[in-house]
Amino acid sequence: MANIGLRGIEKYFGANYVIRQLNLEIADGEFVVLLGPSGCGKTTTLRAIAGLEEIDSGLITIDERPVQDLPPGERDIAFVFQLFALYPHLTAFENIAFPLRATGETRAEIERKVKDVAASLRIEPLLAKRPSALSGGDLQRVAIGRALVRRPKALLMDEPIGALDAKLREDMRAELKRLHIENGTTSVYVTHDQVEAMSLADRVAVMNDGVLQQVGTPSEVYLHPVNLFVAQFVGSPVMNIVPAEIRPDGAETAVAIGGGPAFAFPGELAARLGAALPAGHELVVGVRPEAVRVAREAAPGLRPVEAHFIEPLGAYDIVDLKVGERLIKARTPSGFVRRPGEAVWARLDVPQVHFFDATSGDVLKLEPAHG
Amino acid sequence: MAMVASPGKRIRNRLAIAAVLVVTLIFLAPIYWIGSTAFKPRDQATSVPPTVFFTPETTAFVKLFTKRVQLRQPVEPETYAAAPWWEQRIFDGGERVLRVKGEVQLSAYPSRFMNSLIVAITSTVLAVGMGTLTAYGFSRFRVPAENDWLFFILSTRMLPPVVVAIPMFLMYRAIGLTDSHLGLIILYTAFNLSFSVWLMKGFMDEIPKEYEEAALVDGYTRMQAFWKIVLPEAVTGIAATAVFCFIIAWNEYAFALIMTNRRAQTAPPFIPAQVGSGLTDWTTIAAGTFLFLLPVAIFTFALRHHLLRGVTFGAIRK
């Protein structure tokens, strides 16, 4: 087991700049998920750690040892591929034993290690079968077995459960979590599925366009996104992003969305926003659906809005509220808003509202105003 | 649940089977013709209309393999009785087998046949071997101007062979490669290589590169990954390519005719050369042709499972 360091990694595919000055430190035993849309460079980053992709500049260390010039086989890592990459002409046993044969272990050792890893993955009855006779979930179990059997310093996984159907994905997610807790292998996991990222990761590294956007625990990334990209990529349904007009209003700050009714915010907000936002830049408000509180009765601080569309999702409903000219999504208990067109009341939960510089995309850090 | 075919479908099925039968018969007819002629008595071989029922005999094959001379006088009955069965067939035809110091003199056919085997097998092994490696390179690595190279490789097959035959002959004569096994092997290998590269590239592209990457990560070198993973996966493609290359090399006529005359001559130019200006012995030619068909048939039959998978490779989504 080992820590992994990525320092100043750059990678070009021809004229495409696919990894841009990437810095990331992964601690020993940590489970880090690289999260981002397709084409963001996350898989290339993972393949660079494995040595399957050469980098143009930068330093990759495994266990403090620079490895960027070593062939994959000398980095002591294991890789799990999205499409399993099990050898069709070998049985499950031989597939799992394959890495051990490279190191010339004795027959008895190989037998013992394969049996051990098969037991922990509960695939012992499948060892004599060929990949063509296995189901998707079992294929990936065998592939993970092949990765773990050598006890590598790090386990790299490229969307390992992306090819499975939804139910199976859920089971495998739980199983991957269990395996990580049991083995404590340093793991780097690539996915575009934020649910996978949130549920598996110790830390999530969000990437876009070859740039590492934010690294943090799942809750940090969720609760404190550093920019509009992270705010909108993490979380489902996505965060509401709406332009807003800010003005001081007596002891309060009025935040008006879509030319509609203004929501009341603490009085110092206007000054702090004024200090944080560069002159000439637009401002947008980001608020997750669960931070939009809906009531059926009027009360102080609530503003009248109209329910436009209701999406029942079982455990809760997502209601599109018409706020002025804009629609914002709110999360309500299921059946709370009875029908589209109903007039209801809403407010925004102040601590959960984010303000972004729409021009740069960065979140505005609201330091207390001077004086 | 059993499928219940509609009457229309059943009729279509029967028509399809009938069509397959007719096509098969058309394709097999020349082979039957050659096969039956090889076993016919000489006087029935060219009779019009052709005889369908006859007593098969092996005289043509005995003649094919031996050197013979005309008998000046009838053979002694005791010599005839003492001769082995095959020599008696020759005596029956008014000839005797040529012997030098008691040794039966073989005709040129066995050595020509051997030449064909040597040249076809060696050039197939070389073309498929080099083609597989080249295709692997093109399939897996970023080759500068890859498409230009591939086009260039293909372009070597664009001229009709006859066009280059004379210049090739002059070059071969200058470096002493005419009438040599090596010369023909080089020629056929070069000829088949472009074909082999293109065909194998298709097969290589079908093998997911993750297979080797998995092996590379697991501590194998690229060469080991190639041997342990890529080759077993490519067996189907290799078999299909080998069959095609072998057939081309085995059947090649034009270059063999120009480049060789004795020592390295292969069977294709030799067999028709027996059609003399005088009396042509069609049974012997048929016997030579019939034997000539066998290696390709055996080779193809032996690899038929791979071949069926090979030609449909890539058509089936995995």
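Small disclaimer: the values here were computed from a predicted structure and weren't measured.

How each quantity is defined
Residues numbered from 1 in each chain as written. Chains lettered and ligands numbered in written order. Predicted model: local features only at pLDDT ≥ 70, side-chain atom pairs only at ≥ 80, totals over all residues. Heavy atoms only, no water. Pairing = 2+ DSSP bridges. Helix = DSSP H or I, 4+ residues; strand = E, 2+ residues; numbered from the N terminus. Axes fitted to C-alpha atoms, helices over the stretch in contact; angles between N-to-C directions. Salt bridge = Lys/Arg side-chain N within 4 Å of Asp/Glu carboxyl O. Buried < 20%, exposed > 50% of the residue type's maximum accessible area, 1.4 Å probe, protein only. Domains from an automatic or database assignment.

Caption draft 1: Molecular detail of the sheet that holds strand 17 (residues 316–323) of chain A. Residues and elements named next belong to chain A. With respect to topology, five strands assemble into an open sheet ordered 15-19-16-17-18, the strand pairing being antiparallel. Looking at the sheet topology across the chains shown, the edges are occupied by strand 15 (292–295) and strand 18 (326–333). Strand-to-strand twist across the sheet, computed as the mean angle between neighbouring axes with direction ignored, equals 45 degrees. Where strand 17 and strand 18 come together, eight bridges link them in antiparallel fashion. By the bridge assignment for strand 18, I318 is matched with R331.

Caption draft 2: How the structure looks around the pattern of salt bridges. Taken as a whole, this structure holds 32 salt bridges over all chains when the rule is applied. In this structure, K201(B) and D205(B) form a salt bridge, with 2.9 Å as the shortest nitrogen-oxygen distance. In this pair, K201(B) and D205(B) are both assigned in helix 9 (residues 181–206), four residues apart and thus about one turn of the helix distant. When its relative accessible area of 43% is taken as the criterion, D205(B) is described as partly exposed. Among the charged side chains, a network of salt bridges with common partners joins E105(A), E109(A), R112(A), K113(A) and D116(A).

Caption draft 3: Spotlight on the pairing of strand 10 (residues 211–216) of chain A. Residue and element names in this part refer to chain A. By the bridge criterion, five bridges tie strand 9 (residues 203–208) to strand 10 in an arrangement that is antiparallel. From the neighbouring strand, M207 faces strand 10, where its bridge partner is L212. Counting the residues between successive antiparallel strands, the hairpin from strand 9 to strand 10 contains two residues, one of them, D209, with a positive phi of roughly 50 degrees.

Caption draft 4: Geometry of the pairing of strand 20 (residues 353–357) of chain A. Residues and elements named next belong to chain A. In terms of burial, strand 20 is largely enclosed, as five of its five residues are buried. Neither face of strand 20 is exposed, since V353, F355 and D357 on one face and H354 and F356 on the opposite face are all buried. Pairing of strand 14 (residues 283–287) with strand 20 involves five bridges; the strand directions are antiparallel. Of the residues in strand 20, the one forming a bridge with L283 is D357.

Caption draft 5: How the structure looks around the domain arrangement of chain B. Considered domain by domain, chain B is made up of domain 1 (13–57), domain 2 (67–104) and domain 3 (109–311). Taken over C-alpha atoms, the centre of domain 1 of chain B sits 32 Å from the centre of domain 2 of chain B.

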